[in-house]
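Residue-level structure breakdown
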2 protein chains.
Amino acid sequence: MSEKTAVSPTRQEDFPEWYQQVIRAADLAENSEVRGCMVIKPWGYALWERMQAVLDGMFKATGHRNAYFPLFIPLSYLEKEAAHVEGFAKECAVVTHHRLEAKDGKLVPSGQLSEPLIVRPTSETIIGAAYARWVKSWRDLPILLNQWANVVRWEMRPRLFLRTAEFLWQEGHTAHETSEEAVTETMKMLRVYETFARDYLAIPVITGEKSESERFPGAVQTYCIEAMVQDRKAIQAGTSHFLGQNFSKASGIQFQSRSGAVEHAWTTSWGVSTRLIGTLIMAHGDDDGLILPPRVAPAHVVIIPITPKEDTRAAVLEAADNLAAQLREISYHGVPVQVEIDSRDLGGGVKNWEWIKKGIPIRIEIGPRDLAQGTVALSRRDRPHKEKAFLPNGDVLSGVTGILDEIQAELLARATAFRDENLKVIESKEDFYKFFTPANSDKPEIHGGFALAHWNGSAAVEEQIKNDLKVTIRCIPFTDSPEAGTCIFTGEPSKQRVVWAKSY
Amino acid sequence: MSEKTAVSPTRQEDFPEWYQQVIRAADLAENSEVRGCMVIKPWGYALWERMQAVLDGMFKATGHRNAYFPLFIPLSYLEKEAAHVEGFAKECAVVTHHRLEAKDGKLVPSGQLSEPLIVRPTSETIIGAAYARWVKSWRDLPILLNQWANVVRWEMRPRLFLRTAEFLWQEGHTAHETSEEAVTETMKMLRVYETFARDYLAIPVITGEKSESERFPGAVQTYCIEAMVQDRKAIQAGTSHFLGQNFSKASGIQFQSRSGAVEHAWTTSWGVSTRLIGTLIMAHGDDDGLILPPRVAPAHVVIIPITPKEDTRAAVLEAADNLAAQLREISYHGVPVQVEIDSRDLGGGVKNWEWIKKGIPIRIEIGPRDLAQGTVALSRRDRPHKEKAFLPNGDVLSGVTGILDEIQAELLARATAFRDENLKVIESKEDFYKFFTPANSDKPEIHGGFALAHWNGSAAVEEQIKNDLKVTIRCIPFTDSPEAGTCIFTGEPSKQRVVWAKSY
Ligand SMILES: [Zn+2]
Ligand SMILES: [Zn+2]
């Protein structure tokens, strides 16, 4: 029953520690000696590159182009938007000097800057300054840009991928002639993220608006995609902000309108980051390691040649090469099937387990016996690790994209079922507190989920719930027919149920 | 004769200023208000993305994978390699605080770090620390990684693309079991850069080794590709360093060798940056703006619909769309032909000039008359701007990749002829000084070139020449049969001629 798993502890035993161990087992990333800054290792970075390629295509298909803006933001820029600086001042890296000088045999900072520079935590203000230079007339609008960049937020309790001092992301920044256009853009990009999460990451996110207290500093409205992961907590996996005229007023993005009046532009910003990798791990991984959705997997198939005897070795390796070459000719949703051949001089079991832990969708073993029979042994990462299908070579070639699609669909189905099981309508404060209180308070077991409960709209209530339970409103979900009711905390009127959860 | 050019001043009138004006005319980049940091605009960034895509493919084809390492380097890491810190201490951004605090109504840096962090000027030391963790045995070698990243070097006299405080680059970092392997890697990547410059940028670089005084801080040997641009100066466009065991000793990258002894790894690093964009501009641009080699152009063809009358407008636009769709079906060296349609409500002349300045290889005008005749007017950026070929639609489709290849070849041929014309063997100190002395010292005209001259190997001579003429040894060129001779400065023996030039 309880056979040994490749990752220890299991999810049930200690979910946060399981997460760290999956990252290690799959060789995705590690902490560096620089506090909060991670090293993203090749397998983790290749996963990010796949996500980037897909998202970049979606951004370009919706009319955006890429550009690049400075890493450093003058302190005075950050100060221009009051809520913004308030939100980021407490956790930013500050550059104060521009050289090092020997002093008493030690190197010390020297060449003090007249104005400190902030390493960008986000780029609204520095990009706003550029847009202010570029925009003169309504004819210059809209501006639809994105940048792929690193950003820094000085996190006090870093966690690989989910919360790191430096992380990689994309930030879209757009400026528009009208409020309506900017709102449309905000929603369009939220839908891009939702689609990406569902169709590529196999994660059925919940979309909605953030409450005021969870808004991006300086935004008028913040929309988000929220994923439920396997300990039933939420992860904010992407956000899209309608910034109104807050930043255009702060940065001076003005234009002559069609009527000849001088107006401020309406801006948006939207981003996803390497946090998506953490979300993917927690959404799909199992006690044997990572499970990669095929549509973002850096590789789809690993071929493991089994070469027990020297005299058949060359023939087995050649068969592996041939199969790989044929697979690579096949297109999977516009990308060639990506194949690894693991011909390292290690036992088949060791290699097999490495690839299980790395989450590769399909493993294929070829040995001398298979060679004679023209078959291979195929295993799928979404099935028990001992399960093997013995297939003729030809069936592998004709079936590979179908199998990949099945795995992709299976992961989405599992994640959807899990989310639906753990999304509860809650009608009383008592039930709410019970829902979010673990049986074991010292070492909380997996508990809770997403609670759909009525709320009166008060930030004081949010504050209380956060203090009592570490639970926050994840979003006010979009709904065509909001059902009014009574706030379960205050008895006051509520416009609709909102989504509450513990979160990363 | 001297008709007005699109860019003013011309190259002859003022080359450095012409360069700035081409960047502006082509809308590639601009200075930000952060000293030395540039904003890379969409057309410039798209060019960088094309370069990245090609180089990334070449790196992967030579066995490298991408990864990502921290932006920040602890001061103590930098200090581990003496020559290295000496080389970078004078021009680095230093992070000393991790938050801002209100004080007397002003925000000031707060939360002082116990150890200052340096924004990476290059990553040998931070990557070395990771390799030291990863490498235990000879079986862990080689490590062949690359990262795409931003780096910061506090430049005192910044110039867009060529020398900016922040720039984008790739840095390859490899670790090997033997010195021979590391040297082979160093040379292999230099050849990748040389090939990329020739076959994609259409720039015939000179390859060789740097003299000791021009070596990368901490390297045993630095190899480079040097481009000659149109004012006959040199640009170091890429470098590949054999680092020996200097950094592995500094970082502690040790392994148990095949014989069981503990040894230090042999490392290399190699990089190219957004400097390549500056090199490309200066190598190929003319007095009408940028000229893009088709193999790195973000777009190959622009279609400019000419719609003088309302009643033919729809038909012309439809023809433009159809032609674009058909062109996009064509593959140019593995990439679909990239087509822009400029249907903005502006005059044909204005649009035509914009695309000339942006350097797009092919411009196609379609007007009502063309429609009737089934022809288009095609202009090439490598030919005089008034030259148009009137071609049947079908010829455009069958001929487009051939024309692009012709333009690519023409640019390389021009740059090669120019370089060869301005590469002189110089046999005396007097001729050398004459070669590098402009007639007009107040406002130097284009002069000089690459001088091939004998040198005794002395750094003192280099120093003198640099002080007198601002001329340096660009490289000790590779040659199968070095011809010994006499140093033209000292009369002492010289092993071979070396390449001298003024440089950016
Ligand atoms: Zn099992
Ligand atoms: Zn002319």
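Residues numbered from 1 in each chain as written. Chains lettered and ligands numbered in written order. Predicted model: local features only at pLDDT ≥ 70, side-chain atom pairs only at ≥ 80, totals over all residues. Heavy atoms only, no water.

Let's shift gears to the packing of helix H2 (residues 42-61) of chain B against helix H8 (residues 275-284) of chain B. Residue and element names in this part refer to chain B. The N-to-C vectors of H2 and H8 enclose an angle of 110 degrees; their axes lie 10 Å apart at closest approach. One way to sum up the angle between H2 and H8 is to call them roughly perpendicular. Of H8, the residues touching H2 (which contributes Gly44, Leu47, Trp48, Met51 and Leu55) are Leu276, Ile277 and Leu280. Along the lines of polarity and charge, the residues of the contact of H2 with H8 split into seven nonpolar, one polar and no charged. (Axes fitted to C-alpha atoms, helices over the stretch in contact; angles between N-to-C directions. Helix = DSSP H or I, 4+ residues; strand = E, 2+ residues; numbered from the N terminus. Parallel < 35°, antiparallel > 145°, perpendicular 65-115°, else oblique. Contact = heavy atoms within 4.5 Å. Nonpolar A, V, L, I, M, F, W, Y, C, P; charged D, E, K, R; others polar.)

Phi is mostly negative for residues that are not glycine, and the peptide bonds are mostly trans. Cis geometry marks the peptide bond from Ser8(A) to Pro9(A), where omega comes out at 0 degrees. In this fold, Pro9(A) is placed in the segment before helix H1 (15-25). Cis geometry is found at the peptide bond from Leu141(B) to Pro142(B), where omega equals -5 degrees. Assignment of secondary structure puts Pro142(B) in the loop between helix H5 (124-134) and strand S7 (143-152). Notably, Asp27(A) is not glycine yet its phi reads approximately 60 degrees, a positive angle. Topologically, Asp27(A) is positioned in the loop between H1 and strand S1 (29-31). Since its relative accessible area comes to 31%, Asp27(A) is described here as partly exposed. (Buried < 20%, exposed > 50% of the residue type's maximum accessible area, 1.4 Å probe, protein only.)

Here we take up the UniProt feature "domain: Aminoacyl-transfer RNA synthetases class-II family profile" (unreviewed entry) in chain A. With numbering matched to this structure, UniProt assigns "domain: Aminoacyl-transfer RNA synthetases class-II family profile" (unreviewed entry) to residues 44-293 of chain A. The span residues 44-293 of chain A carries 31% helix and 35% strand; its end-to-end C-alpha distance comes to 14 Å. (UniProt positions renumbered as here; feature names shortened; annotations may be inferred.)

So, about the relation of the copies chain B and chain A. Overlaying chain B on chain A yields an RMSD of 0.0 Å, the required transformation being a rotation through 180 degrees with an accompanying axial translation of 0.0 Å. The superposition operator between the copies reduces to a two-fold rotation axis. Within chain B, Val95(B) has its C-alpha nearest the rotation axis, a separation of 2.1 Å. Comparing interface residues between copies, 100% of those in chain B also sit at the interface in chain A, which points to an isologous, same-surface contact. (Least-squares fit on C-alpha atoms with pLDDT ≥ 70 in both.)

Among the nonpolar cores identified, the biggest contains 80 residues, and Phe72(A), Val119(A), Phe69(B), Phe72(B) and Val119(B) are the most heavily contacted of them. Filtering out sequence-adjacent residues up to four positions away, Phe72(A) remains in contact with Val95(A), Leu117(A), Ile118(A), Val119(A), Ile126(A), Val34(B), Cys37(B), Ala93(B), Val119(B), Val152(B) and Trp154(B). (Core = buried A, V, L, I, M, F, W, Y, C linked by side-chain atoms within 4.5 Å.)

Another point: the domain arrangement of chain A. Residues and elements named next belong to chain A. Structurally, chain A comprises domain 1 (15-284), domain 2 (301-399) and domain 3 (423-501). Between domain 1 and domain 3, the residue contacts involve 23 residues of the former and 18 residues of the latter. Taken together, both faces of the contact between domain 1 and domain 3 bury some 1,600 Å²; the carbon and sulfur share is 63%. In this structure, the connection of domain 1 to domain 3 is made through one salt bridge. Across the pair Glu226 and Arg474 runs a salt bridge, and its minimum N-O distance is 3.0 Å. Seen at the junction of domain 1 and domain 3, the total is seven residue pairs in polar contact (both at pLDDT 80 or more). Going through the elements one at a time, helix H6 (179-199), strand S9 (206-209), strand S10 (221-228) and strand S11 (234-244) are the ones with two or more residues in the side of domain 1 that touches domain 3. Counting residues per element, the side of domain 1 that touches domain 3 draws most heavily on S10, at five residues. (Domains from an automatic or database assignment. Buried area = accessible area lost by both parts, 1.4 Å probe. Salt bridge = Lys/Arg side-chain N within 4 Å of Asp/Glu carboxyl O. Polar contact = N/O pair within 3.5 Å; in protein donor to acceptor, adjacent residues only side chain to side chain.)

For the rest of this paragraph, the subject is the side chain of Arg295(B). Residue and element names in this part refer to chain B. As for its position among the elements, Arg295 is in the loop between H8 and strand S15 (301-305). The buried charged residue Arg295 lacks any salt bridge, with Asp405 as its nearest oppositely charged partner at 5.8 Å. A polar atom in the side chain of Arg295 sits 3.1 Å from the side chain of Tyr200. Excluding residues within four positions of it along the chain, Arg295 makes contact with Arg50, Asp199, Tyr200, Tyr332, His333 and Gln408. (Lys, Arg positive; Asp, Glu negative; His and termini not counted.)

As a further point, take the sheet that holds strand S3 (residues 65-66) of chain B. All names here are of chain B. With mixed pairing, the 11 strands of this open sheet are ordered in space as S3-S7-S8-S14-S11-S10-S9-S24-S27-S23-S22. In the strand order of this sheet, the two ends are held by S3 and strand S22 (423-425), each with one partner. Where S7 lies against strand S8 (residues 166-176), 10 bridges are found, and the strand directions are antiparallel. Across the sheet, Leu145 pairs through a bridge with His173, a residue of S8. Along the sheet, H5 makes contact with S7, S8, strand S11 (234-244) and strand S14 (266-273), crossing S8 at roughly 30 degrees. Seen against the sheet, H8 touches strand S10 (221-228), S11 and S14 and runs at an angle of roughly 145 degrees to S11. (Pairing = 2+ DSSP bridges.)

Pairing in this open sheet of six strands is antiparallel, and the strands run S4(A)-S6(A)-S5(A)-S5(B)-S6(B)-S4(B) from one edge to the other. The outermost strands of the open sheet, each flanked by one partner alone, are strand S4 (72-74) of chain A together with strand S4 (72-74) of chain B. The mean inter-strand angle of the sheet, taken between neighbouring strand axes irrespective of direction, is 45 degrees. Sheet topology places strand S5 (residues 94-103) of chain A next to strand S5 (residues 94-103) of chain B; three bridges connect them, and they run antiparallel. Bridge pairing links Val94(A) to His97(B) in S5(B).

This part is about helix H5 (residues 124-134) of chain A. Most of H5(A) is tucked away: nine of the 11 residues are buried. Among all positions in H5(A), only Glu124(A), Thr125(A), Ile126(A), Ile127(A), Gly128(A), Ala129(A), Ala130(A), Tyr131(A) and Trp134(A) are buried.

Next up on the list: H1(A). All names here are of chain A. Every buried residue of H1 is accounted for by Phe15, Trp18, Tyr19, Gln21, Val22 and Ile23. If you follow the buried residues of H1, they end up packed against S1 and helix H8 (275-284). Asp27 occupies a position one or two residues after H1 and carries a positive phi of about 60 degrees.

Okay, the pattern of salt bridges next. When the charged atoms of two side chains lie near each other, side chains of opposite charge can form a pair. Enumeration according to the criterion identifies 50 salt bridges over all chains in this entry. The closest approach of N and O atoms between Glu86(B) and Lys90(B), which form a salt bridge, is 3.6 Å. A salt bridge links Glu427(B) to Arg497(B), with the nearest nitrogen and oxygen atoms 2.7 Å apart. Pair noted here: Glu427(B) is in the loop between S22 and helix H13 (429-435) and Arg497(B) is in strand S27 (residues 497-501), with a separation of 70 residues, a long-range link. The exposure class assigned to Arg497(B) is buried, which follows from its relative accessible area of 15%. Connected via shared salt-bridge partners are Asp27(A), Glu30(A), Glu33(A), Lys41(A) and Arg133(B).

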